[in-house]
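Survey of secondary and tertiary structure
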Amino acid sequence: MSEPNNPADDREFERKNILFAANLVVGGNKIDCKIINISFGGAQVRTPRTLAPKAEVTLEIDPFGTFAMEVRWCRKPDAGLKFKDDSEKVAELVMAIATYA
């Protein structure tokens, strides 16, 4: 019997597990969240609000700045976000958080 495919095996970027406080800006509203993991492609966040897939949000990470994101999936309380920012800006963030966290 063959094993089912594991979606984690098909990921383009390795994820770094962290627990880092941040904010999401959704439709002008700021929501507290925690970053659960991060990669060069995106981040998984824990938030009290259900987010709509394909929604554009801003992830604010003090002291690293703000990042344009797209909601890829949401299974409350977690959501998967994809970076829409410049890859160099994202790489600097991921490396800084990986070192800092």
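Below: a short report on this structure. (Residues numbered from 1 in each chain as written. Predicted model: local features only at pLDDT ≥ 70, side-chain atom pairs only at ≥ 80, totals over all residues. Heavy atoms only, no water.)

Things to note about the pairing of strand S4 (residues 56-61)
- Because side chains alternate across S4, one face comprises the buried residues Val57, Leu59 and Ile61, and the other comprises Glu56, Thr58 and Glu60, none of which is buried.
- The hairpin turn running from S4 into strand S5 (residues 65-75), its antiparallel successor, is 3 residues long. (Buried < 20%, exposed > 50% of the residue type's maximum accessible area, 1.4 Å probe, protein only. Helix = DSSP H or I, 4+ residues; strand = E, 2+ residues; numbered from the N terminus. Pairing = 2+ DSSP bridges.)

Describing the environment of Phe67
- Looking at the secondary structure, you find Phe67 in strand S5.
- Given the relative accessible area of 1%, Phe67 is considered buried.

Some words on the sheet that holds strand S6 (residues 78-83)
- Read around the barrel, 6 strands follow the order S1-S2-S3-S6-S5-S4 and close on themselves; strand pairing throughout is antiparallel. Ignoring which end each strand starts from, the neighbouring axes of this sheet average 45 degrees apart.
- Relative to S6, strand S3 (residues 42-46) is paired through 5 bridges, and the arrangement is antiparallel. Looking at S6, one finds that Ala43 is bridged to Leu81. (Axes fitted to C-alpha atoms, helices over the stretch in contact; angles between N-to-C directions.)

Re the side chain of Asn37
- Topologically, Asn37 is positioned in strand S2 (residues 29-38).
- Contacts of Asn37, omitting those with residues within four sequence positions, involve Arg15, Lys16, Asn17, Ile18, Ala43 and Gln44. (Contact = heavy atoms within 4.5 Å.)

Here's the deal with the pattern of salt bridges
- Evaluated as defined, the whole model comprises 6 salt bridges.
- Put simply, Glu70 and Lys84 hold a salt bridge, and the shortest N to O gap is 3.9 Å. Placement of the pair is Glu70 in strand S5 and Lys84 in the loop between S6 and helix H1 (87-100), with a sequence separation of 14 residues.
- Among the residues examined, Glu70 registers a relative accessible area of 15% and is labelled buried.
- In this structure, a network of salt bridges that share partners links the residues Glu56, Glu70, Arg72 and Lys84. (Salt bridge = Lys/Arg side-chain N within 4 Å of Asp/Glu carboxyl O.)

With respect to a nonpolar patch on the surface
- Residues Phe13, Phe40 and Met95 make up a contiguous nonpolar surface patch of roughly 280 Å² in combined accessible area.
- Secondary-structure assignment places Phe40 in the loop between S2 and S3. (Patch = residues over 30% accessible without salt bridge, like charges linked within 9 Å, V, L, I, M, F, W, Y side chains within 5 Å. Areas by Shrake-Rupley, 256 points an atom, 1.4 Å probe, with all protein chains shown as cover.)

Topic: unusual backbone geometry
- Look at the link from Asp62 to Pro63: it is a cis peptide, with omega at 10 degrees.
- Within the fold, Pro63 resides in the loop between S4 and S5.
- The step from Lys76 to Pro77 runs through a cis peptide bond, and the omega angle for that step is 15 degrees.
- Relative to the assigned elements, Pro77 resides in the loop between S5 and S6.
- A positive phi angle, near 80 degrees, is found at Lys54, a position not held by glycine.
- As for its placement among the helices and strands, Lys54 is situated in the loop between S3 and S4.
- The exposed category is assigned to Lys54, whose relative accessible area is 65%.

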